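Chain by chain, the residues:
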Amino acid sequence: MGRFGGEKVARPIKEGLDYFPLDVDIDQDDKIALIEASHGLIGFAVIIKMFMKIYDNSYFYQWGEKEQLLFSKRGKVHINSLNDIINDCVKWDVFSKKLYEEYKILTSKGIQKRYLEAAARRKEVRIKREYLLLSSKEVNAYRNLVIVDIN
């Protein structure tokens, strides 16, 4: 008998990752180098911490006022500096400008590909159709991928 009124409750399906791949030459990527050139090591650290947040969640991270304030406080980065860094990340295509402007989320094609690769052993991986940045050919390569609508 389960703890909740006699019913057995299924454990929620984990969407985030316990770890994610990080290329040893990530700082050689022009997008990352541009952020570091503008914001120094703080900019680089914010990107890595944001990747951690994104992959802990899944393949995107909601970026509203609440998330900005909490990220700023926990990362000990002034909110204005943080927003400057994230805006430059969107400008230089570290994160998708379209999805940031339309849905206030941080993700990219590369993030989605790495997420799907890391979750390849899972029975099912869901991605919202509206957030999907991969081509049809790329989507077809993942047998466990289920595309869902936001609603």
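See the structure printed just above.
Residues numbered from 1 in each chain as written. Predicted model: local features only at pLDDT ≥ 70, side-chain atom pairs only at ≥ 80, totals over all residues. Heavy atoms only, no water.

Colleague: What should I look at first to understand the overall build of the chain in this one?
Modeller: Per the secondary structure count, the chain includes six helices and four strands. Taking the contacts inside the chain whose residues are at least 6 apart along the sequence as the reference set, 54% of them involve residues at least 24 apart. Of the roughly 10100 Å² of accessible surface on the chain, a fraction of 50% belongs to carbon and sulfur atoms. Taking the average location of the 26 positive side-chain charges in the chain and that of its 22 negative ones, the two points are 7 Å from each other. (Helix = DSSP H or I, 4+ residues; strand = E, 2+ residues; numbered from the N terminus. Contact = heavy atoms within 4.5 Å. Areas by Shrake-Rupley, 256 points an atom, 1.4 Å probe, with all protein chains shown as cover. Lys, Arg positive; Asp, Glu negative; His and termini not counted. Charge placed at Lys NZ, Arg CZ, Asp CG, Glu CD.)

Colleague: Explain the nonpolar core to me, please; I cannot follow it from the model alone.
Modeller: Proteins that are soluble and globular tend to have nonpolar side chains buried together. Formed by 41 residues in total, the largest nonpolar core has its most connected members in Met 50, Phe 51, Trp 63, Ile 86, Phe 95, Leu 106 and Leu 116. Listed by contribution, the elements that provide at least two residues to this core are helix 1 (30-57), helix 3 (79-91), helix 4 (97-103), strand 2 (105-106), helix 5 (109-118) and strand 3 (125-128). Those residues in contact with Trp 63 that sit more than four places away from it in its chain are Met 50, Gln 68, Phe 71, Leu 82, Asn 83, Ile 86, Tyr 100, Lys 104, Ile 105 and Leu 106. (Core = buried A, V, L, I, M, F, W, Y, C linked by side-chain atoms within 4.5 Å. Buried < 20%, exposed > 50% of the residue type's maximum accessible area, 1.4 Å probe, protein only.)

Colleague: Looking at this structure, I do not really get helix 5. What am I missing?
Modeller: The α-helix winds at 3.6 residues per turn, so residues separated by three or four positions along the chain end up facing the same way. Listing the buried residues of helix 5 in full gives Ile 111, Gln 112, Tyr 115 and Leu 116. Looking straight down helix 5, one finds its buried side chains confined to an arc of 130°; they lie on one side. Summarising the contacts, the buried residues of helix 5 are in contact with helix 1, strand 3 and strand 4 (145-148). (Arc of directions from axis to C-beta.)

Colleague: What am I meant to see in helix 3 here?
Modeller: A rise of 1.5 Å per residue sets the reference length of helix 3, with its 13 residues, at 18 Å; its end C-alpha atoms lie 18 Å apart and thus fit the reference within 8%. Of the positions making up helix 3, those classed as buried are Leu 82, Asn 83, Ile 85, Ile 86, Asp 88, Cys 89 and Val 90. Where helix 3 is buried, its residues contact helix 1, helix 2 (65-75), helix 4 and strand 2. Count one or two residues on from helix 3 and you reach Asp 93, which has phi positive near 70°. (Expected span 1.5 Å × (residues − 1).)

Colleague: Sorry if this is basic, but what is going on with the pairing of strand 3 here?
Modeller: In summary, the side chains of a regular strand alternate between the two faces of the sheet. Of the two faces of strand 3, only one is covered, namely that formed by Val 125 and Ile 127; the face formed by Arg 126 and Lys 128 stays uncovered. The pairing of strand 3 with strand 4 spans four bridges and is parallel. Residue pairing in the sheet places Arg 126 in a bridge with Val 146 of strand 4. (Pairing = 2+ DSSP bridges.)

Colleague: Teacher, can you tell me more about the layout of surface pockets here?
Modeller: Regions of empty space are outlined by a rolling probe, equal in size to a water molecule, passed over the atoms. Looking at the largest pocket, its volume works out to about 420 Å³. Around the largest pocket sit 19 residues that line it, and Asp 29, Lys 31, Phe 51, Gly 110 and Arg 114 are the ones nearest its centre. Where the lining of the largest pocket is concerned, the elements lending two or more residues are helix 1 and helix 5. Per element, the largest residue contribution to the lining of the largest pocket is four residues, and it comes from helix 5. (1 Å grid on protein atoms, 1.4 Å probe; cavity = no way out; pocket = protein on both sides within 12 Å on 5 of 7 lines; lining within 4 Å. Points joined across faces, edges and corners; volume = space filled by probe spheres on them.)

Colleague: I'm lost on the side chain of Gln 112 in this one. Help?
Modeller: Relative to the assigned elements, Gln 112 resides in helix 5. You can call Gln 112 buried: its relative accessible area is 0%. If we skip the residues at most four places from it in the chain, Gln 112 touches Tyr 59, Thr 107, Tyr 131, Leu 132, Leu 133 and Leu 134.

Colleague: What is the right way to read a positive patch on the surface from this model?
Modeller: A contiguous patch of positive charge on the surface is contributed by Lys 49, Lys 53, Lys 73, Arg 74 and Lys 76. Only helix 1 and helix 2 provide two or more residues apiece to the positive patch. Inspection of the secondary structure assignment puts Lys 53 in helix 1. In this structure Lys 53 comes out as partly exposed when scored by relative accessible area, which is 30%. (Patch = residues over 30% accessible without salt bridge, like charges linked within 9 Å, V, L, I, M, F, W, Y side chains within 5 Å. Salt bridge = Lys/Arg side-chain N within 4 Å of Asp/Glu carboxyl O.)

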